[in-house]
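# Analysis of the macromolecular model
Below, each chain spelled out in residue letters.
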Amino acid sequence: MSATDPVENLATLIRCPSVTPSEGGALSALDAMLTPLGFAVERVTATEAGTPDIENLYARLGTSGPHLMFAGHTDVVPVGDAAAWSHPPFAAEIEGGELFGRGAVDMKGGIACFIAAVARHVEKHSAPQGSISFLITGDEEGPAINGTVKLLEWAAEKGERWDACLVGEPTNPDKLGDMIKIGRRGSVSGFVTVHGVQGHVAYPHLADNPLRTATAMMQALMSPRLDEGTENFPPSNLEVTGIDTGNTATNVIPAKAKFAFNVRFNDLWSAESLQAELIRRLDTAAADENLRPGRAPMRYDITWSERPSHVFLTRNDALVSSLSGAVESVTGSTPKLSTTGGTSDARFIKDYCPVVEFGLVGQTMHMVDERVAVADLETLTEIYGVFIERWFAHAAA
Ligand SMILES: [Zn+2]
């Protein structure tokens, strides 16, 4: 049977230079692995004005439920300084028990292991009692407009329904088995412009310094803290990420001050309730009489990032316990159920079915000399294999 060796699967995928937005042969390679296993493979090209066309792939084995989805991406980030790599980034060379290459952990490795696990399952039991599908995008590391979102819409439109999803992103900080992600914080960015009146610093009564208010506004956003965290999430956190007046002269009061910030927020907030609280704080600071005695509240405007990421937490026992049980039975360690880290495509999938994330060790992702321990590929394949068995047994029960 083909595709049962995760190391071979990964080497094949790494040799496809699929830097976003290029398909690089990676989806064709997947097609060649999945079709012999019985998957119906479909290639879906997504387009949107102003962004590059992106090729994606959807493959399904089986026609009945329960239906388990594996989601991931074959695109990779650029190699950076290729000369700094100790092994060529698209050669998949093995040295000292490690396989080198861009995408080794983020996340061609996860895909290679899940395919191997499915291939072994098919070899042992023939097809599962239900369906397994792969939802693979080529646009996770890029703008993420022509990727998972559109692929999910396309599949749902033609009647696809899923009972659970596993995303194979590298979730382990130090060693395989450390961490499963069962949710993610939300993320929202704001861009504020404070409108003052330009003038000479020696004649401040003729001007109106926007920085007086802008600094108070930034302070008001940061303090008091938004919250103290929840059972499953760390405290929400706001970082000011940039300040600009366009002014270099110390004898000039600038006309405008602009600043930007980002908030990673927990499940005490929605994007909407958070924005309302932040605007309340900004309004209060803008009206502070002590900063600008006798003057009307400082005028400002704010725009928000177009698509905020919503916070989510997956409470689905069949999924979470099948996966953590599989990790435990193979590695002997109990994984931490975490909601830390940046956003991922799981934020889109959660609107369709319960979703969790588990993959390789993320330490070298996006770095020069991205690499994976060959032994980890075998271990992850075994974990995925046990997970598949347990999830279908649980879903059938
Ligand atoms: Zn990734």
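Per chain, residue numbering runs from 1 following the sequence as it is written. pLDDT decides what is reported in this predicted model: residues at 70 or higher carry local features, side-chain atom pairs at 80 or more are listed and counted, and totals for whole chains, interfaces and linings draw on all residues regardless. In computing side-chain values, all of the structure's heavy atoms are included and hydrogens and water are not.

Let's shift gears to the sheet that holds strand E12 (residues 237-244). DSSP calls a pair of strands paired once it identifies at least 2 bridges connecting them. Helix and strand assignments come from DSSP, with helices taken as H or I runs of at least 4 residues and strands as E runs of at least 2, each series counted from the N terminus. Taken together, the four strands give an open sheet; going across it, the order is E12-E14-E10-E15, and neighbouring strands pair in antiparallel fashion. Of all strands in the sheet, those with a lone pairing partner are E12 and strand E15 (299-304), marking the two edges. Averaged over all adjacent pairs, the angle separating strand axes in this sheet is 20 degrees, with direction ignored. Of the pairings in the sheet, the one linking E12 to strand E14 (residues 256-265) comprises seven bridges and is antiparallel in character. The residue of E14 that forms the bridge with glutamate 239 is asparagine 262. Here, two residues are considered to be in contact whenever any of their heavy atoms come within 4.5 Å of each other. Under this scheme, a helix contributes an axis fitted over its contacting stretch, all axes are lines through C-alpha atoms, and angles between N-to-C directions fall in the 0 to 180 degree range. Packing of helix H5 (residues 210-222) onto the sheet brings it into contact with strand E10 (186-195), E12, E14 and E15, and relative to E14 it is tilted by some 5 degrees. The strands touched by helix H6 (residues 271-286) within the sheet are E10, E12, E14 and E15, with E15 carrying the most contacts at an inclination of about 165 degrees.

Okay, the sheet that holds strand E19 (residues 371-373) next. Note on sheets: strands pair through backbone hydrogen bonds, and any given pair is parallel or antiparallel. The strand order E4-E5-E19 describes an open sheet built from three strands, whose pairing is antiparallel. For this open sheet the edge positions go to strand E4 (94-95) and E19, each flanked by a neighbour on one side alone. Helix H1 (residues 6-14) contacts E4, strand E5 (98-100) and E19 of the sheet and is inclined by roughly 20 degrees relative to E5.

Right, let's talk about the coordination of the zinc ion for a bit. Note on metal sites: the ideal angle is 109.5 degrees for four tetrahedral donors, and 90 or 180 degrees for six octahedral donors. Coordinating N, O and S atoms are those within 2.8 Å of the metal (3.2 Å for Na, K and Ca), and as water is not part of the atoms, a site may appear to have fewer donors than expected. In this structure, His73 (NE2), Asp106 (OD), Glu169 (OE) and Glu169 (OE) serve as the protein donors to the zinc ion, at separations of 1.8 to 2.7 Å. One can describe the donor arrangement at the zinc ion as irregular, given that its four donor atoms subtend angles of 52 to 145 degrees at the metal. When the donor residues of the zinc ion are listed from N- to C-terminus, their spacing reads H-x32-D-x62-E. Taken together, the residues histidine 73 in strand E3 (residues 67-73) and aspartate 106 in the loop between E5 and helix H3 (108-125) connect sequence positions 33 residues apart. Only protein chains enter the accessibility calculation, which uses a 1.4 Å probe; a residue is then buried when its area is under 20% of its type maximum, exposed when over 50%, and partly exposed in between. Residue class for histidine 73 comes out buried when judged on its relative accessible area of 1%. Site shape is set this way: if four donors have all angles between 85 and 135 degrees, tetrahedral; if opposite donors are over 155 degrees apart and all others between 65 and 115, square planar for four donors and octahedral for six; otherwise irregular.

This brings us to the domain arrangement of the chain. Often the size quoted for an interface is simply the accessible area lost on bringing the parts together. Domain extents, as shown, originate in an automatic or database domain assignment. According to the domain assignment, the chain consists of domain 1 (6-184 + 311-396) and domain 2 (186-304). Relative to domain 2, the C-alpha centre of domain 1 lies at a distance of 40 Å. In short, buried area is how much 1.4 Å probe accessible area vanishes from two parts on joining, totalled over both. Summing the contributions of domain 1 and of domain 2, the shared interface buries around 670 Å²; its carbon and sulfur component is 62%. Basic side-chain nitrogens of Lys or Arg form a salt bridge, by our definition, when they fall within 4 Å of a carboxyl oxygen of Asp or Glu. Linking domain 1 with domain 2 are zero salt bridges. For the purposes of these results, a polar contact is taken to be a pair of N or O atoms within 3.5 Å, where, inside protein, one atom must be able to donate a hydrogen and its partner to accept one; residues adjacent in sequence count only when each atom of the pair is a side-chain atom. Connecting domain 1 to domain 2 are one residue pair in polar contact (both at pLDDT 80 or more). As a working rule, the residues Ala, Val, Leu, Ile, Met, Phe, Trp, Tyr, Cys and Pro are called nonpolar, Asp, Glu, Lys and Arg charged, and the rest polar, with Gly in that last group. Here the side of domain 1 that touches domain 2 is composed, by residue class, of four nonpolar, three polar and two charged.

To continue, consider unusual backbone geometry. The omega angle of the peptide bond from threonine 20 to proline 21 is 5 degrees, so this bond is cis rather than trans. Examined against the element boundaries, proline 21 turns out to sit in the loop between H1 and helix H2 (26-34). Omega for the bond connecting aspartate 106 with methionine 107 falls within 30 degrees of zero, at -15 degrees, which places this linkage in the cis form. Of note, alanine 3 is a non-glycine position whose phi angle comes to about 65 degrees, a positive value. On the basis of relative accessibility, which here comes to 13%, the residue alanine 3 falls in the buried class. Although it is not a glycine, serine 126 adopts a positive phi angle of roughly 60 degrees.

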